[in-house]
Protein chains: 4
Amino acid sequence: MKPVCLVIGAGAGIGGTVGARFAQGGYHAVLCRRSDEDGLQKLGAAIEAAGGSASGYLLDATKPDLLEERIAAVESEHGPIEVLVYNLGAQIGDRGLAETDHRVFERCWRLGTFGLYRAATVLCPLMAERGKGTILVTSATAAVRGNAGQHAHAAAMGGRRMLCQTLNAEFASKGIHVAHVLIDGAVDAPDTLGKMLGPELFEKLRQERGLDHDGLLLPREVAETYFHLAQQHRSAWTHELDLRAFSDIAWWNHP
Amino acid sequence: MKPVCLVIGAGAGIGGTVGARFAQGGYHAVLCRRSDEDGLQKLGAAIEAAGGSASGYLLDATKPDLLEERIAAVESEHGPIEVLVYNLGAQIGDRGLAETDHRVFERCWRLGTFGLYRAATVLCPLMAERGKGTILVTSATAAVRGNAGQHAHAAAMGGRRMLCQTLNAEFASKGIHVAHVLIDGAVDAPDTLGKMLGPELFEKLRQERGLDHDGLLLPREVAETYFHLAQQHRSAWTHELDLRAFSDIAWWNHP
Amino acid sequence: MKPVCLVIGAGAGIGGTVGARFAQGGYHAVLCRRSDEDGLQKLGAAIEAAGGSASGYLLDATKPDLLEERIAAVESEHGPIEVLVYNLGAQIGDRGLAETDHRVFERCWRLGTFGLYRAATVLCPLMAERGKGTILVTSATAAVRGNAGQHAHAAAMGGRRMLCQTLNAEFASKGIHVAHVLIDGAVDAPDTLGKMLGPELFEKLRQERGLDHDGLLLPREVAETYFHLAQQHRSAWTHELDLRAFSDIAWWNHP
Amino acid sequence: MKPVCLVIGAGAGIGGTVGARFAQGGYHAVLCRRSDEDGLQKLGAAIEAAGGSASGYLLDATKPDLLEERIAAVESEHGPIEVLVYNLGAQIGDRGLAETDHRVFERCWRLGTFGLYRAATVLCPLMAERGKGTILVTSATAAVRGNAGQHAHAAAMGGRRMLCQTLNAEFASKGIHVAHVLIDGAVDAPDTLGKMLGPELFEKLRQERGLDHDGLLLPREVAETYFHLAQQHRSAWTHELDLRAFSDIAWWNHP
């Protein structure tokens, strides 16, 4: 039986592509996303066409119990989850405090922070008992600096980063590798950036970033580093790293 | 009419003492805490005995609307809030992930992150209209590193730190000074550390930390820096600083 | 005899103004700078006209032994140095790697890092024996992020920040308070920014930053925080803080 | 002709092992170290026995011009340097300020900071002209926090980290990938840790860290991540990451 890589937040950007990379590397990819059954089917079909194996489920991780139940079902139907890719977040674009209502603020936390805590609560005991497991968390520079208009997103990401550290502090010595991946720049992802910008602006941005768009973070290249992280030997684990396109300015630099 | 300093979380440690320091400096101190009417009365009486002026209210900041209503009432009864001291948190001691249930995790967030967002949502528009205001947020090193057993606390504090940055990013240029104060060490505070340790261990710790306990963070000395922050001219504002006793090891150093 | 505040780098910006603030607060200010005897005289005269006391010396801190000899002479002529303000640096403006020759790179280190180490080597044993002392180090955001064109400056400042931490780690418990002050923004300082920009551009910038220029860091307001740091009780010391004008964007935020 | 990987500081720990990993991956490894001609020969022989290719040179990088001349000679004799591994440092163990003399402080800077600047000054123009190149810098947590007794080492590493950022800021968009690798923990390296501890203590530590010593950072596993960094596509580059053994406590956590 193949080891399982469970992706929570498997859209047509980093999440789905990381799932495909693990499938290519010998894992059974279990892909979960909130909506778009059609997109989910296509992603699974593409993985299988490439010789990999995958399953897909729609999942609203903000609903009580669904996340926990899905993890339990995956373990019993597909086998031990060796890698969890937690790829949920709610980057809703810039909005001032007056436009950030309670519902939005709380939703960002439920997706960004609370969902990871819930997943870890169910998975870490299983992984600890098995003496191994990997949790890869897609993050953003909003986890290390709070820009204007990012109240809800930055608060969720900042909490999530600390949670990754507390999980690492409790579980690393039990064989669980937690890694926090700071995505620092625009991603060539139609489901997230594409939807935020709209199709025209998104295509314009892609053209501006070079012939092969590699001035954007290309999901297939991002996925290589996710895969590497999961292969690191336990004597040399990375807890945090950043990723950005060569032509982008790092978040700590002035443009 | 005196300018108002509103303290949310005015126990017999940093919160109450900071309130007293502002009262001594010419502010009307409005003290809010969740429980202990008696302690609240004593604090107010002590401030008045020292020649200052104060009001006190019991307030459960996790309940819907109460925080917002209290802020509105303070503004109408006592005048413009010039300084908000947000001093709530839920340091519940170390507990493993298995002992950190949903209720605890969410409560830490409600006190540590969501409450500050709610207070800011009400206060920032008022302060921005007046072109001035100060928000002082008591924080902990859990905002910058996640230790084992601190899942709920660190996630809340990490989110809060980013929120302080997003508030600063939106409101500094409108005259609102947001400062994030990293308390890095044990505080000589009977209401928080005292209760966590119990009276005997707390007294033992005090004795170990020197004749006048100044190997602990003394709230009256911490309060001096809070007061200084609120007096900084807008040409030279501090957004973040740390505070620790001289004999303590900084959080980033090995013991 | 008054306690002594020794300022290394006492130009007509932060250094000299901090010296004046300490003189006003009861210290004897000893002002050292590399050149401009005339400026030094004026600064001392202004301090004395305001009722304070001051001495001034020209000092090239990159020359062997001169710094050490000056510290020894100040101790024997003016009394124990209670506060050292280390205000030297070499912000030489942006220049590419090709334009950053060995001499420049080394000079930045000699001023920015090595000079502080030399001063500490002489002063810390004296302060430790007396059980008290304060070392205030003016720093820049180049100490926490390296921008393009800042190879020499950032390398020096980054080393200096770590040195401040190692000094604090060794000497805080012996009563020496080391504080690292991150100046994050343009300072209204004719001797440094003024010379870098030239008089016309400098005046233009001042006008743009508001009627009283308080969109720039005003040295007299910066000096208030330096003075506060030196008055902090040893139970509540700050090791690091940032300072910027309200209308400036924090270094970690995008414009 | 194979692409060249030049290792400055190729002892029997991270440096030499990284060189061997690149040789195994198709690079010609050029190994430089200050002394031990015999060790250098053995390292090269082992690489060749494993089917790789390597050259070795003794090099004192603190001497004027030698580093620059070696880089030029490697380029003309072995071809374009595609990867530079800068692995020099001077972790001399803990020593108080009184025991850190001028010579030691300056030497740490010459090895840790100035040498990297010198190498970059020669290499970056060549790499920029070719539109590609990778500079991997072995670093330590002393680059991000200054512990007691680490005055010279931390000052050098802190400067070096900022230099890596300024190099990245200037050269990333020209195709040069600069990565700063924070080694956070004891390395199973006889030439550095082994010499610092002495053979007996070193062997004792190894035994304590598990049957296969993987509670220490194993150089061959560290080397996997170095190699991965050099293979990252330019659309998804990492500038900084940490590495530690699973059973070690991260530098930001309390033990």
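How each quantity is defined
Residues numbered from 1 in each chain as written. Chains lettered and ligands numbered in written order. Predicted model: local features only at pLDDT ≥ 70, side-chain atom pairs only at ≥ 80, totals over all residues. Heavy atoms only, no water. Helix = DSSP H or I, 4+ residues; strand = E, 2+ residues; numbered from the N terminus. Rg over C-alpha atoms; globule rule 2.2 N^0.38 Å. Buried < 20%, exposed > 50% of the residue type's maximum accessible area, 1.4 Å probe, protein only. Contact = heavy atoms within 4.5 Å. Areas by Shrake-Rupley, 256 points an atom, 1.4 Å probe, with all protein chains shown as cover. Lys, Arg positive; Asp, Glu negative; His and termini not counted. Charge placed at Lys NZ, Arg CZ, Asp CG, Glu CD. Patch = residues over 30% accessible without salt bridge, like charges linked within 9 Å, V, L, I, M, F, W, Y side chains within 5 Å. Salt bridge = Lys/Arg side-chain N within 4 Å of Asp/Glu carboxyl O. Least-squares fit on C-alpha atoms with pLDDT ≥ 70 in both. Phe/Tyr/Trp six-rings, centres within 6.5 Å; stacked < 30°, edge-to-face > 60°. Lys NZ or Arg CZ within 6 Å of the ring centre and 35° of its normal. Buried area = accessible area lost by both parts, 1.4 Å probe. Nonpolar A, V, L, I, M, F, W, Y, C, P; charged D, E, K, R; others polar. pLDDT = per-residue confidence, 0-100. Axes fitted to C-alpha atoms, helices over the stretch in contact; angles between N-to-C directions. Parallel < 35°, antiparallel > 145°, perpendicular 65-115°, else oblique. Left-handed = near helix turned anticlockwise from the far one by under 90°. Right-handed = clockwise from strand over helix to strand, strands pointing away. Pairing = 2+ DSSP bridges. Disulfide = S-S within 2.5 Å. Expected span 1.5 Å × (residues − 1).

Participant: Looking at this structure, I do not really get the overall build of chain A. What am I missing?
Facilitator: When you go through chain A residue by residue, the secondary structure sums to 8 helices and 7 strands. By the compact-globule yardstick of 18 Å for 255 residues, chain A fits well, its C-alpha radius of gyration being 17 Å. Seen through its C-alpha atoms, chain A measures out along the principal axes to roughly 45 × 40 × 35 Å. Burial statistics for chain A: of 255 residues in total, 65% are counted as buried. Within chain A, contacts between residues at least 6 apart in sequence are counted, and of these 74% link residues at least 24 apart. Within the structure as shown, chain A displays about 9100 Å² of accessible surface, and the carbon and sulfur contribution to it stands at 53%. Mean positive and mean negative side-chain charge positions of chain A (25 and 30 charges, respectively) differ by 2 Å.

Participant: Looking at this structure, I do not really get a positive patch on the surface. What am I missing?
Facilitator: Taken together, the side chains of Arg34(A), Arg103(A), Arg107(A) and Lys195(A) define a basic patch exposed on the protein surface. Its location among the elements puts Lys195(A) in helix α6 (residues 190–197).

Participant: What exactly am I supposed to notice about the relation of the copies chain B and chain A here?
Facilitator: Each copy of the chain is related to the other by a rotation around an axis and a translation along that axis. When chain B is fitted onto chain A, the two copies agree to an RMSD of 0.0 Å after a turn of 180 degrees and an axial shift of 0.0 Å. Here the symmetry operator amounts to a two-fold rotation axis. Of every C-alpha in chain B, the one belonging to Gly159(B) sits nearest the axis of rotation, 2.0 Å from it. The share of interface residues of chain B whose copies in chain A are also at the interface is 100%, consistent with both copies meeting through the same surface.

Participant: Please clarify how the packing of aromatic side chains should be interpreted in this entry.
Facilitator: Each pair of aromatic rings is reported with the distance of its centres and the angle of its planes. Tallied over the full model, the rule gives 44 aromatic pairs over all chains. Taken together, a centroid distance of 6.3 Å and an interplanar angle of 20 degrees make the contact between Phe105(C) and Trp109(D) stacked. Taken together, the positions of Phe105(C) in helix α4 (residues 102–130) and Trp109(D) in helix α4 (residues 102–130) put the pair across two chains. In this structure an aromatic cluster arises from ring pairing among Phe105(A), Trp109(A), Phe114(A), Tyr117(A), Phe105(B), Trp109(B), Phe114(B) and Tyr117(B). Cation over ring: Arg21(A) sits above Phe227(A), and NZ or CZ is 4.0 Å from the ring centre.

Participant: It is not clear to me how the interface of chain B and chain A should be interpreted in this structure. Could you clarify?
Facilitator: Interface extent is often summarised as the accessible area lost during association of the parts. In this assembly, 38 residues from chain B lie in contact with 38 residues from chain A. Overall, the association of chain B and chain A removes approximately 2900 Å² of surface from exposure, summing both partners, and the carbon and sulfur fraction of that is 68%. Residue Glu106(A) pairs with Arg110(B) through a salt bridge whose shortest N-O separation is 3.4 Å. When residues in the side of chain B that touches chain A are grouped by element, the largest group, 13 residues, is from helix α5 (residues 151–171) of chain B. When grouped by side-chain class, the residues that make up the side of chain B that touches chain A number 18 nonpolar, 13 polar and 7 charged.

Participant: It is not clear to me how the confidence of the model for chain A should be interpreted in this structure. Could you clarify?
Facilitator: A low pLDDT means the predicted coordinates there should not be read in detail. When pLDDT is averaged along chain A, the result is 95; 100% of the residues meet or exceed 70. Across the interfaces of the predicted complex, the ipTM metric reaches 0.96, alongside a pTM of 0.97.

Participant: I'm lost on the environment of Leu84(D) in this one. Help?
Facilitator: Residues and elements named next belong to chain D. Here leucine 84 is to be found in strand β4 (residues 81–86). Between the C-alpha atom of leucine 84 and that of arginine 234, which follows or precedes it by 150 residues, the distance is 17 Å. When residues no more than four places from it in sequence are discounted, the contact partners of leucine 84 are Leu6, Ile8, Ala119, Leu123, Met127, Thr134, Ile135 and Leu136.

Participant: It is not clear to me how the interface of chain A and chain C should be interpreted in this structure. Could you clarify?
Facilitator: Each side of the interface is counted separately: chain A has 8 residues, and chain C has 8 residues. Of all residues in chain A, the largest losses of buried area upon contact with chain C belong to Arg145(A), Trp252(A) and His254(A), amounting jointly to 50% of the total for that side. The interface formed by chain A and chain C contains 0 salt bridges. Of the residues that constitute the side of chain A that touches chain C, the class distribution is 3 nonpolar, 4 polar and 1 charged.

Participant: What am I meant to see in the packing of helix α1 (residues 14–24) of chain B against helix α8 (residues 219–231) of chain B here?
Facilitator: A pair of packed helices is characterised by two quantities: the angle between their axes and the separation of those axes. All names here are of chain B. Packing of α1 against α8 brings their axes to within 8 Å, and their N-to-C directions diverge by 55 degrees. Considered as vectors, α1 and α8 are oriented oblique to each other. The two elements α1 and α8 cross, and the hand of that crossing is right-handed. In this structure, α1 uses Ile14, Thr17, Val18, Arg21 and Phe22 to contact α8, whose residues at the interface are Pro219, Arg220, Val222, Ala223, Glu224, Tyr226, Phe227, Ala230 and Gln231. Grouping the amino acids of the contact of α1 with α8 by side-chain chemistry returns 9 nonpolar, 2 polar and 3 charged.

Participant: Looking at this structure, how should I read the relation of the copies chain A and chain C?
Facilitator: With an RMSD of 0.0 Å, the fit of chain A onto chain C corresponds to turning through 180 degrees and sliding 0.0 Å along the axis. Same-surface contact between copies: 100% of interface residues of chain A are shared with the interface of chain C.

Participant: What exactly am I supposed to notice about the pairing of strand β6 (residues 176–183) of chain A here?
Facilitator: Moving residue by residue along a regular strand, the side chains alternate between the two faces of the sheet. Residue and element names in this part refer to chain A. The buried fraction of β6 is high, at 8 of 8 residues. Side-chain alternation along β6 places Ile176, Val178, His180 and Leu182 on one buried face and His177, Ala179, Val181 and Ile183 on a second face that is also buried. Following the backbone out of strand β5 (residues 133–140), through helix α5 (residues 151–171) and into the adjacent parallel β6, one traces a crossover that is right-handed. Sheet analysis places β6 next to strand β7 (residues 240–243), joined by 4 bridges and oriented parallel. In the strand pairing of β7, histidine 180 is matched with glutamate 240.

Participant: Sorry, what's going on with the state of the cysteines here?
Facilitator: Here is the idea: a disulfide is a covalent bond, and it sits between the sulfur atoms of two cysteines. Residue and element names in this part refer to chain A. Applying the stated rule across the entire model yields 0 disulfides over all chains. No disulfide involves cysteine 164; its nearest neighbouring cysteine sulfur is the one of cysteine 124, lying 10 Å away. Cysteine 164 sits in the buried class, given a relative accessible area of 0%.

Participant: Explain the packing of α8(B) against helix α8 (residues 219–231) of chain C here, please?
Facilitator: Where α8(B) contacts α8(C), the two axes come as close as 11 Å, and the packing angle between them is 175 degrees. Classified by the interaxial angle, the pair formed by α8(B) and α8(C) is roughly antiparallel. Across from Glu224(B), Thr225(B) and His228(B) in α8(B), the residues of α8(C) making contact are Glu224(C), Thr225(C) and His228(C). Split into classes, the residues belonging to the contact of α8(B) with α8(C) amount to no nonpolar, 4 polar and 2 charged.

Participant: Would you mind showing me how to read the pattern of salt bridges here?
Facilitator: Pairing between side chains of opposite charge can happen when their charged atoms approach one another. Tallied over the full model, the rule gives 76 salt bridges over all chains. Here Glu240(B) makes a salt bridge to Arg161(B), at a shortest N to O gap of 2.7 Å. You can see Glu240(B) sitting in strand β7 (residues 240–243) and its partner Arg161(B) sitting in helix α5, a full 79 residues away along the chain. The buried category is assigned to Arg161(B), whose relative accessible area is 16%. Between Lys63(C) and Asp60(C) there is a salt bridge; the shortest N-O distance is 3.4 Å.

Participant: Would you take a moment to explain the pairing of strand β3 (residues 53–58) of chain A for this structure?
Facilitator: All names here are of chain A. The sheet contact formed by strand β2 (residues 28–33) and β3 spans 6 bridges and is parallel. What sits directly across from valine 30, in β3, is serine 55. Taking the sense of rotation as the criterion, the β-α-β connection linking β2, helix α2 (residues 37–49) and β3 turns out right-handed.

Participant: For this particular structure, what's the right way to read helix α5 (residues 151–171) of chain D?
Facilitator: Think of an α-helix as 3.6 residues a turn; residues three or four steps apart then line up on the same face. The terminal C-alpha atoms of α5(D) lie 30 Å apart, and with 21 residues this matches the ideal 30 Å at 1.5 Å per residue to within 8%. The element α5(D) is extensively covered by neighbouring structure, given that 20 of its 21 residues are classed as buried.

Participant: In this structure, what is going on with the environment of Met1(A)? I would like to understand it.
Facilitator: All names here are of chain A. Relative to the assigned elements, methionine 1 resides in the segment before β1 (4–8). Placed 77 residues apart in sequence, methionine 1 and histidine 78 show a C-alpha to C-alpha distance of 8.2 Å. Dropping the residues within four chain positions of it, methionine 1 is found in contact with His78, Gly79 and Pro80.

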